[in-house]
Amino acid sequence: MNKMLISLFLVFTLSGCDSDLYNELFRNPYQVEIADKVELGADWKEFSPDPALEIINQTQWITLEFEDVITWDFKMDGFESDGLLDKDGNPVQIDIKVLTQDGTTYYMSETALAGFIAFGTDGEKLPRGSSVSKVYIKSDKVIANVKIGWLCITGK
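Residues numbered from 1 in each chain as written. Predicted model: local features only at pLDDT ≥ 70, side-chain atom pairs only at ≥ 80, totals over all residues. Heavy atoms only, no water.

Chemist: I'm lost on the overall build of the protein in this one. Help?
Modeler: Secondary structure assignment for the protein yields two helices and 12 strands. Within the span of the protein, comprising 156 residues, buried residues form 38% of the whole. Put simply, 76% of the contacts in the protein that link residues at least 6 apart link residues at least 24 apart. Of the roughly 9,500 Å² of accessible surface on the protein, 52% is carried by carbon and sulfur atoms. (Helix = DSSP H or I, 4+ residues; strand = E, 2+ residues; numbered from the N terminus. Buried < 20%, exposed > 50% of the residue type's maximum accessible area, 1.4 Å probe, protein only. Contact = heavy atoms within 4.5 Å. Areas by Shrake-Rupley, 256 points an atom, 1.4 Å probe, with all protein chains shown as cover.)

Chemist: Before we go on, may I ask you to explain the nonpolar core in this structure?
Modeler: The tendency in soluble globular proteins is for nonpolar side chains to be buried side by side. Counting residues in each nonpolar core, the largest one holds 30 residues, and the members touching the most others are Ile62, Leu64, Ile94, Val135, Ile137, Ile148 and Trp150. Mapped onto this core, the elements with two or more residues apiece are β1 (30-40), β4 (59-65), β8 (94-100), β9 (105-113), β10 (117-121), β11 (131-139) and β12 (143-153). Excluding anything up to four places from it in sequence, Ile137 contacts Leu40, Asp43, Trp44, Lys45, Phe47, Ile62, Leu64, Ile94, Asp95, Ile96 and Ile148. (Core = buried A, V, L, I, M, F, W, Y, C linked by side-chain atoms within 4.5 Å.)

Chemist: How should the environment of Ala35 be read in this particular structure?
Modeler: With respect to the helices and strands, Ala35 occurs in strand β1. On the basis of relative accessibility, which here comes to 12%, the residue Ala35 falls in the buried class. Placed 29 residues apart in sequence, Ala35 and Leu64 show a C-alpha to C-alpha distance of 9.8 Å. Ignoring sequence-local partners within four residues, the contact set of Ala35 consists of Phe47, Val146, Lys147 and Ile148.

Chemist: Help me out: how do you make sense of the confidence of the model for the protein in this one?
Modeler: In low-pLDDT segments, the atomic positions of the prediction should not be examined closely. Averaged over the protein, the pLDDT score is 77; the fraction of residues at 70 or greater is 68%. The least confident element of the protein, judged by mean pLDDT, is helix α2 (residues 19-26) at 50; the most confident is strand β2 (residues 45-47) at 96. (pLDDT = per-residue confidence, 0-100.)

Chemist: Please clarify how the pattern of salt bridges should be interpreted in this entry.
Modeler: Opposite charge on two side chains makes pairing possible when the charged atoms of those side chains draw close. A full pass over the atoms with the stated rule returns two salt bridges. Here Lys147 ties to Glu33 by a salt bridge, and the two come within 3.6 Å at their closest N and O atoms. In this pair, Lys147 is assigned in strand β12 and Glu33 in strand β1, connecting sequence segments 114 residues apart. Looking at Lys147, the relative accessible area reads 30%, which means it is partly exposed. Here Lys134 ties to Glu46 by a salt bridge, and the two come within 3.3 Å at their closest N and O atoms. Of this pair, Lys134 sits in strand β11 while Glu46 sits in strand β2; the two residues are 88 residues apart in sequence, bridging distant segments of the chain. (Salt bridge = Lys/Arg side-chain N within 4 Å of Asp/Glu carboxyl O.)

Chemist: Hey, could you run me through unusual backbone geometry in this one?
Modeler: Of note, the amide linkage connecting Asp50 to Pro51 takes the cis form, showing an omega dihedral of 5 degrees. In the Ramachandran plot, Lys37 falls in the positive-phi region, its phi being about 60 degrees despite a non-glycine side chain. As for its position among the elements, Lys37 is in strand β1. Looking at Lys37, the relative accessible area reads 60%, which means it is exposed. At Asn145, a residue that is not glycine, the phi angle is positive and equals roughly 55 degrees. Relative to the helices and strands, Asn145 resides in strand β12.

Next up, the structure:
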């Protein structure tokens, strides 16, 4: 009887959670596609996600996926990254900044390379409970067919 009551309590509790609370409880990533098949270049490209990107978890990244992402790499000097390299070993400077709805601008830098390149804040985290209303991206080299995303996860 007690096991059944506990099970029912858990079912009702979890079914009453909104998606943000569920995300927090189970550490699921919150992912949003911002744009697909974008060409980046020297001029800032502005993206206005609708709805705004929610900052609901502890760690946030802007993600970029390229057709040939597996050939990109970070040039490492010890544990510090010296920057992003393209498939030919040439340095590439990608600049990203986000604007929260309260008007604060945060600059992002490359932090990870997986099936995508992730750009996060250096040291400070974006304020949870806020939203990103605009994303700006530029590159010193033309990069075609870029998929831009938002990834927000809960760390330990």
